[in-house]
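Residue strings, one per chain:
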Amino acid sequence: MTSESHVVSIDGLTKRYREVVALDDVTLKIRPGVTGLLGPNGSGKSTFIKALLGLVRTQTGAGDVMGLQWPEQVRAIRDAIGYSPEDDCYIAGLTGIESVALMAELSGLPRIEALRRSHEILDFCDVGEERYREVESYSTGMRQKLKFAQALVHDPDLLILDEPTTGLDPKQRRSMLDRIRTLGQRHGKSILLSTHILHDVRAVCDHVIILVGGTVRVSDSLANLSRPAEPSVQVGVQGDPSLLVRDLQNAGHEVSATIDGRWKVGGIDPNDSAAIWQTAGQSGAAISRLEPARNSLEQIFFAATGATMPIDAEPGSVDFAATVSGQGTTTKGTGGSDGAS
Ligand SMILES: Nc1ncnc2c1ncn2[C@@H]1O[C@H](COP(=O)(O)OP(=O)(O)OP(=O)(O)O)[C@@H](O)[C@H]1O
């Protein structure tokens, strides 16, 4: 049985690959809903997922996943979860429909039901006649859809998606995010979404976990994380903002530029913004926009990782793999090979 307050609860998980500590005493809970798992390259995201699924041997840790004891009941946990791995995952020679139906049968569905369900899931994933083609001929986008369908076919309550939008063009990416949102919001699925793309997290996630160097830096709801520590407003200014910025600073407010060309002004309650209108009047500044300030996901991420924002970052488009140096000390291995000694 799954707890009301979490679908995963892990305490003191450590995973070493020989001398490399990939996960260092990780303790965290994953709440129902859609959770973004973020972190720079090598921060331990894939290892955490593999550890949950029992695909790598861990040194320490205990907990529960969907109400099952982890790691003792890891086989039952694997049956209960839908997992779409980062790497390609198909059996050569099978068509799309055969691949998905095989996964359904392996999950215990009778053959006819497995086929029926596979067609239904491939329809949901927008896979048309291509389902009758051998999977080796599939494009990257089609392979992503296939992995997603394979993970979903046995109707699991928890889905783990490792980089599900990698390699997709913008239209395919939007469709994939729509599917994830639909599963979370309309079908009550819990989803752990490991990704490098902050925009994807903002688009679909309720919660965020940020791993850095194998430790948990952030684990909270996006709503809580977005709330600034002190009451602040965000203003847009038409024309030259320098006089307004100077006058606000002289009045004791902390003022900083946001990445979308506006200004965050500290010490002003969004419900009582008279001070800013008064200062704007004195400075002759035209305020085109005034709203409560929110910490952007970029700010949350860069504060957690200690990295700095790339100067030309476009809001919402940051793929931080390209901007933050990895925390690990060795080259990442492939597949499920476990270097634990
Ligand atoms: N099979 C392996 N053998 C040895 N070291 C490994 C292996 N797999 C991962 N590592 C190391 O463990 C650390 C965590 O790697 P992991 O792949 O879990 O990070 P990640 O956050 O998923 O990275 P990425 O975003 O690049 O996928 C890294 O230092 C990595 O080099």
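Residues numbered from 1 in each chain as written. Predicted model: local features only at pLDDT ≥ 70, side-chain atom pairs only at ≥ 80, totals over all residues.

In the annotation of an unreviewed UniProt entry, the entry for the protein chain reads Putative ABC transporter ATP-binding protein YxlF, and the organism field reads Crateriforma conspicua. In UniProt, the protein chain has this text filed under Sequence similarities (unreviewed entry): "Belongs to the ABC transporter superfamily." (UniProt positions renumbered as here; feature names shortened; annotations may be inferred.)

K.L.:
Residues and numbers for the nonpolar core, please.
P.N.:
Among the nonpolar cores identified, the biggest contains 68 residues, and Val100, Ala149, Leu159, Ile160, Ile191, Leu193 and Val208 are the most heavily contacted of them. Beyond its immediate stretch of four places on either side in the chain, Leu193 contacts Val34, Thr35, Gly36, Leu37, Leu161, Ile180, Val204 and Cys205. Counting 14 residues, the second-largest nonpolar core is a separate cluster that includes Val233, Val237, Ala280 and Ile287. (Core = buried A, V, L, I, M, F, W, Y, C linked by C-beta atoms within 7 Å. Buried ≥ 20, exposed ≤ 12 C-beta atoms within 10 Å, placed from the backbone. Contact = placed C-beta atoms within 7 Å.)

K.L.:
Tell me what's going on with unusual backbone geometry, and back it up with residues and numbers.
P.N.:
Here the amide bond leading from Trp70 into Pro71 is cis, since omega sits at 5°, within 30 degrees of zero. Here Pro71 is to be found in the loop between β5 (68-70) and α2 (74-80). The residue Arg18 is not glycine, and still its phi comes out positive at about 50°. For Arg18, the position within the fold is in the loop between β1 (8-17) and β2 (20-30). (Helix = DSSP H or I, 4+ residues; strand = E, 2+ residues; numbered from the N terminus.)

K.L.:
Could you give an account of the sheet that holds β5, naming the residues involved and the relevant values?
P.N.:
Taken in spatial order, the four strands make up an open sheet running β2-β1-β4-β5, and their pairing is antiparallel. Of all the strands in the sheet, just β2 and β5 have a single pairing partner and so form its edges. Going across the sheet, the axis of each strand differs from the next one's by a mean of 20°, ignoring polarity. Of the pairings in the sheet, the one linking strand β4 (residues 60-65) to β5 comprises three bridges and is antiparallel in character. Note that in β5 the partner of Gly63 across the bridge is Trp70. Sheet strands touched by helix α1 (residues 45-52): β1, β2, β4 and β5. Its angle to β2, the strand with the most contacts, is close to 65°. (Pairing = 2+ DSSP bridges. Axes fitted to C-alpha atoms, helices over the stretch in contact; angles between N-to-C directions.)

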